[in-house]
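Structural overview for review
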Amino acid sequence: MDNRFLEAYRAIEAYDTIVIHRHTKPDGDALGSQFGLKGILEENFPDKRIYAVGDDPGRFSFLVDGEMDEIPDEVFSSALSIILDTSSSNLISDQRFTAAKETLRFDHHLFLEKICNIEVIDTSSESCAGVIVDFVREMGLKIGSKAAEKLYTAMVTDSGRFLYSSVSASTHDRASFLLSFPFDRSRIYRNLYSEDLENVRMRGLFMSRIKVTRNNVAYVYSTREDVAKMGLSPFSISRGMVNTMANINGVKIWVNFTEDGENVLAELRSDGIDINPIAVAYGGGGHKAASGATLKSKSEALSMLEDLDRLSGEER
């Protein structure tokens, strides 16, 4: 038995109150993991009080049961806070986790810093949901169809529909386990990939603005004015459209810059090249081929682009 899982289980077992956190501006993995785990804990420990906290779930709100919980400060003093899908403490939604009596993290990102008392990190997993599935199976926890659906959705989003290089034999084994529970996969894909005609047109407009550097780094820089014209949130453009630059012949690195108030959201992707150190150098993090950072200005974004261009040139 994995000792990390045993330690995590004992911590969960010890507390009557558990608060589940994830990163800000959540993606499908963050929310699917959060509410999948919440459902699992509620089923296995019906006498515990389980809360899920965080900011607006945005386009992934279909993964949320009702609404995010709002809880008073005093709850944390006797609670276990569980942090999901987060490599950096400043990205955790609801910073009151620091007031919890004990903390536990499940994650799959490259290690940046120790955040919790107990840390269960598997960078070989395609998703945080995959780590939770491994935990559930190893500890023999019960899981229902609703939780299985949320975890499967999380895996689908973070694996790029099982296309990314992070996908392994273990990924498909986890997916097979989750698919042994009855749920409607077509509903998942409708929620994830159905688009209004106007959004399709906006994506076409976005793609028409793709530029390429000297060493074949594809990029788009969207100003606040561009964001306003597209009628989408900065996050929807930044995270939602970055992979429209994937699969361009000769392009191994691509980056999407999107102004959000005074900051610039940067989403970095690659076809196998390790772009994570560049994201980390600018205060971000993530994975070898998929990372992000929040930048202070356009000049900082252009500096990052130069670093990515240099890296691309070294890899040619």
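Here's what I pulled together on the structure shown here. (Residues numbered from 1 in each chain as written. Predicted model: local features only at pLDDT ≥ 70, side-chain atom pairs only at ≥ 80, totals over all residues. Heavy atoms only, no water.)

Turning our eyes to something else, we now look at the nonpolar core. If you look at the biggest cluster of nonpolar residues, it comprises 54 residues, and the most contacted ones within it are Ile 82, Phe 106 and Ile 143. With sequence-adjacent residues up to four places away left out, Ile 82 is seen in contact with Ile 12, Ile 18, Val 19, Ile 20, His 21, Leu 37, Leu 41, Leu 104 and Phe 106. Tyr 219, Tyr 221, Phe 257 and Leu 295 belong to the second-largest nonpolar core, a separate cluster that totals 21 residues. (Core = buried A, V, L, I, M, F, W, Y, C linked by side-chain atoms within 4.5 Å. Buried < 20%, exposed > 50% of the residue type's maximum accessible area, 1.4 Å probe, protein only. Contact = heavy atoms within 4.5 Å.)

The strand order across the open sheet built from 5 strands is 2-1-3-4-5, with neighbouring strands paired in parallel fashion. In this open sheet, the two edge strands, each paired with only one partner strand, are strand 2 (49–52) and strand 5 (118–121). Direction aside, neighbouring strands of the sheet carry axes that sit 15 degrees apart on average. Across 4 bridges, the pairing between strand 1 (residues 17–21) and strand 3 (residues 80–84) is parallel. (Pairing = 2+ DSSP bridges. Helix = DSSP H or I, 4+ residues; strand = E, 2+ residues; numbered from the N terminus. Axes fitted to C-alpha atoms, helices over the stretch in contact; angles between N-to-C directions.)

One can find Val 156 in helix 4 (residues 145–158). Along the chain, Val 156 and Ser 176 lie 20 residues apart, while their C-alpha atoms are 12 Å from each other. Residues within four places of Val 156 in sequence aside, it is in contact with Arg 161, Phe 162, Tyr 189, Leu 192 and Tyr 193.

Summed over the entire model, instances satisfying the criterion amount to 8 aromatic pairs. Measuring from centroid to centroid gives 5.7 Å for Phe 5 and Phe 135, while their planes differ by 65 degrees, and the two rings are edge-to-face. Note that Phe 5 is positioned in helix 1 (residues 3–14) and Phe 135 in helix 3 (residues 128–139), a separation of 130 residues in sequence. Residue Phe 5 is classed as buried on the basis of its relative accessible area, which comes to 5%. The class of Phe 135 is buried, set by a relative accessible area of 1%. Taken together, a centroid distance of 6.1 Å and an interplanar angle of 40 degrees make the contact between Tyr 221 and Phe 257 tilted. Taken together, the residues Tyr 221 in strand 7 (residues 217–222) and Phe 257 in strand 8 (residues 253–260) connect sequence positions 36 residues apart. Owing to a relative accessible area of 13%, Tyr 221 belongs among the buried residues under this scheme. In this structure Phe 257 comes out as buried when scored by relative accessible area, which is 1%. (Phe/Tyr/Trp six-rings, centres within 6.5 Å; stacked < 30°, edge-to-face > 60°.)

Purely spatial values, then, with no claim about function.
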